[in-house]
Amino acid sequence: MTDTSARLLRLLSLLQARRERTGPELAERLGVTVRTVRRDVERLRGLGYPVHAELGAAGGYRLEAGTALPPLLLDDGEAVAIALGLRGAAAGGGVEGIEEISVRALAKLEQILPDRLRRRVNAVSTATMPIAPPPAGPVVAPETLTVLAAACRDRERLRFAYRARDEAESRRVVEPHGLVSAGRRWYLVAWDLGRGDWRTFRVDRLADPLPTGVRGRARELPAADAAAFVKRSLAASRPVVERAVLLVHAPAAELAERFRVAGTELEPVDERTCLVRTAADSLEWTALRIAFLEIDFTVREPAELAGRLHDLGRRLQRAARPAAGEGGR
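This one's a predicted model, so the numbers in the text were calculated from it and none came from an experiment.

1. Some remarks on the packing of aromatic side chains
As enumerated under the stated definition, the model contains four aromatic pairs in all. Ring centres of Trp-191 and Trp-198 lie 5.7 Å apart, and the angle between their planes is 85 degrees; this geometry places the pair in the edge-to-face category. Given a relative accessible area of 10%, Trp-198 falls into the buried group.

2. Considerations on helix α8 (residues 226-237)
Its 12 residues give α8 an end-to-end C-alpha distance of 17 Å, which sits within 8% of 16 Å, the value for a rise of 1.5 Å per residue. Residues of α8 that are buried include every one of Ala-226, Phe-229 and Val-230, and no others. Mapping the buried residues of α8 onto a view down its axis gives an arc of 95 degrees, with all of them on the same face. Buried residues belonging to α8 abut β4 (169-182), β5 (185-192) and β6 (197-202). Sitting at the amino-terminal end of α8 is Asp-225, which places a side-chain oxygen 3.2 Å from the backbone nitrogen of Ala-227.

3. Some points on the side chain of Asp-40
Here Asp-40 is to be found in helix α3 (residues 34-46). Within polar-contact distance, the side chain of Asp-40 engages the side chain of Arg-7 at 2.6 Å. Of note is the side chain of Asp-40, whose polar atom sits 2.6 Å from the side chain of Arg-43. In this view, Asp-40 contacts Arg-7, Leu-8 and Leu-11; residues no more than four positions away in its chain are not counted.

4. Observations regarding helix α2 (residues 23-30)
Along α2, the positions that sit buried rather than exposed are Gly-23, Glu-25, Leu-26, Ala-27 and Leu-30. Where α2 starts, the residue carrying a side-chain oxygen 3.2 Å from the main-chain nitrogen of Glu-25 turns out to be Thr-22. After α2 finishes, the residue Gly-31 shows a positive phi value of roughly 75 degrees.

5. What to know about the nonpolar core
Counting residues in hydrophobic clusters, the biggest one holds 16 residues, and the most contacted among them are Leu-246, Val-248, Leu-255, Cys-274, Val-276, Ile-295 and Leu-305. Core analysis: the next-biggest nonpolar cluster, separate from the first, contains 15 residues, Leu-148, Tyr-162, Val-174 and Leu-188 among them.

6. What to know about the packing of helix α10 (residues 283-291) against helix α11 (residues 303-320)
In contact at an axis separation of 9 Å, α10 and α11 are set at 65 degrees when each is read in the N-to-C sense. Pair α10 / α11 crosses with right-handed handedness. Side by side, α10 and α11 meet where Leu-283, Glu-284, Thr-286, Ala-287, Leu-288, Ile-290 and Ala-291 of the first sit next to Glu-304, Leu-305, Arg-308, Leu-309 and Leu-312 of the second. Its residues assigned to classes, the contact of α10 with α11 shows eight nonpolar, one polar and three charged.

7. Concerning unusual backbone geometry
Along the chain, Glu-301 connects to Pro-302 via a cis peptide bond; the corresponding omega equals -5 degrees. On the secondary structure map, Pro-302 appears in the loop between β11 (297-301) and α11. Positioned with a positive phi, Glu-167 is a non-glycine residue whose angle comes to about 75 degrees. With respect to the element layout, Glu-167 can be found in the loop between β3 (156-163) and β4. For Asp-208, which is not a glycine, the phi torsion comes out positive at approximately 55 degrees.

8. Focus: the pairing of β4
Regular strands place side chains that alternate from one sheet face to the opposite one. Inspection of the sheet shows β3 paired to β4 by six bridges, in the antiparallel sense. If you follow Arg-163 over to β4, its bridge partner there is Glu-169. The antiparallel hairpin formed by β3 and β4 contains five residues in its connecting segment, where Glu-167 sits at a positive phi of about 75 degrees. Across eight bridges, the pairing between β4 and β5 is antiparallel. Pairing of Glu-175 across the sheet is with Trp-191, part of β5.

9. Points about the pattern of salt bridges
All told, the structure shown has 13 salt bridges when counted by the stated rule. Measuring nitrogen to oxygen at the nearest pair gives 2.8 Å for the salt bridge that ties Asp-154 to Arg-153. For Asp-154, a relative accessible area of 15% puts it in the buried group. For Arg-153, a relative accessible area of 55% corresponds to the exposed category. Across the salt bridge formed by Arg-314 and Asp-311, the nearest N and O atoms sit 3.1 Å from each other. One end of the pair is Arg-314 and the other is Asp-311, both in helix α11 and three residues apart, which spans about a single turn. Accessibility expressed as a relative area gives 31% for Asp-311, which makes it partly exposed. In this structure, a network of salt bridges that share partners links the residues Arg-7, Asp-40 and Arg-43.

Cut-offs used in this document
- Residues numbered from 1 in each chain as written.
- Predicted model: local features only at pLDDT ≥ 70, side-chain atom pairs only at ≥ 80, totals over all residues.
- Heavy atoms only, no water.
- Phe/Tyr/Trp six-rings, centres within 6.5 Å; stacked < 30°, edge-to-face > 60°.
- Buried < 20%, exposed > 50% of the residue type's maximum accessible area, 1.4 Å probe, protein only.
- Helix = DSSP H or I, 4+ residues; strand = E, 2+ residues; numbered from the N terminus.
- Expected span 1.5 Å × (residues − 1).
- Arc of directions from axis to C-beta.
- Contact = heavy atoms within 4.5 Å.
- Polar contact = N/O pair within 3.5 Å; in protein donor to acceptor, adjacent residues only side chain to side chain.
- Core = buried A, V, L, I, M, F, W, Y, C linked by side-chain atoms within 4.5 Å.
- Axes fitted to C-alpha atoms, helices over the stretch in contact; angles between N-to-C directions.
- Left-handed = near helix turned anticlockwise from the far one by under 90°.
- Nonpolar A, V, L, I, M, F, W, Y, C, P; charged D, E, K, R; others polar.
- Pairing = 2+ DSSP bridges.
- Salt bridge = Lys/Arg side-chain N within 4 Å of Asp/Glu carboxyl O.

So, in structure tokens, the structure goes:
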């Protein structure tokens, strides 16, 4: 491959990786002059790639969507990841028609994969299998996800119709922040302008999303990220009867692998202990889950939980005693 051809491929890869790049930035990344970048852009245009140039101090280059999808430049890891992702999506992912779309896309991708990569994809797929097919659930249209994702990326306000859990319908104007996939359900995290607060919207209950062309404000999400916000919102919406706080004699990282319960928070105290805040419909169920951990712990609150654990321990001890007349067997 000539230096020019290799540089063109590198330029195309840079333009695909980000929405817009300036001429000086591209020149620095490629190790050439700004004039060479302009000539290379013209070469890409001659090959059919729609590269748009914005003039001025704040201008730059971006690769626009054309009438046909240009070839994507993927390294080995990216190609394998996409192929495996398509195979997983073909099993269903809560998106309407995603199975058929994924199969078609996977067939096209595997036709152009080198033999060494095709063998890697087939090996992983052959060696793994799900325990059970994903449960049925609500689905969303791919077009809806595309509109929402673009609005999140561009911080563009959206209008849409929304049906709440109680079937009440309303019109919303929001500033979208991010999309979150939880199982077979999709959620949109956005600032609701009408309510003046952050909200989580089920995407399958959302209809006719329409970008307004108005850019939203930069707002700080009251959580580490959109996924953490959705997780907290879902936990708060569940009917919780009893909450408990425990001091567990195990590192938080170790406990996280063993105590995966929705609505549970782990707070490290030191390298060997952590606080566990959890909730359930009853203290009996919380007591049973904790007992199976086989890790020492102390109940911080509520006091009733300590009593439930004491009762549970006595019942287990009685169950373990041999019945009368069986001790010598």
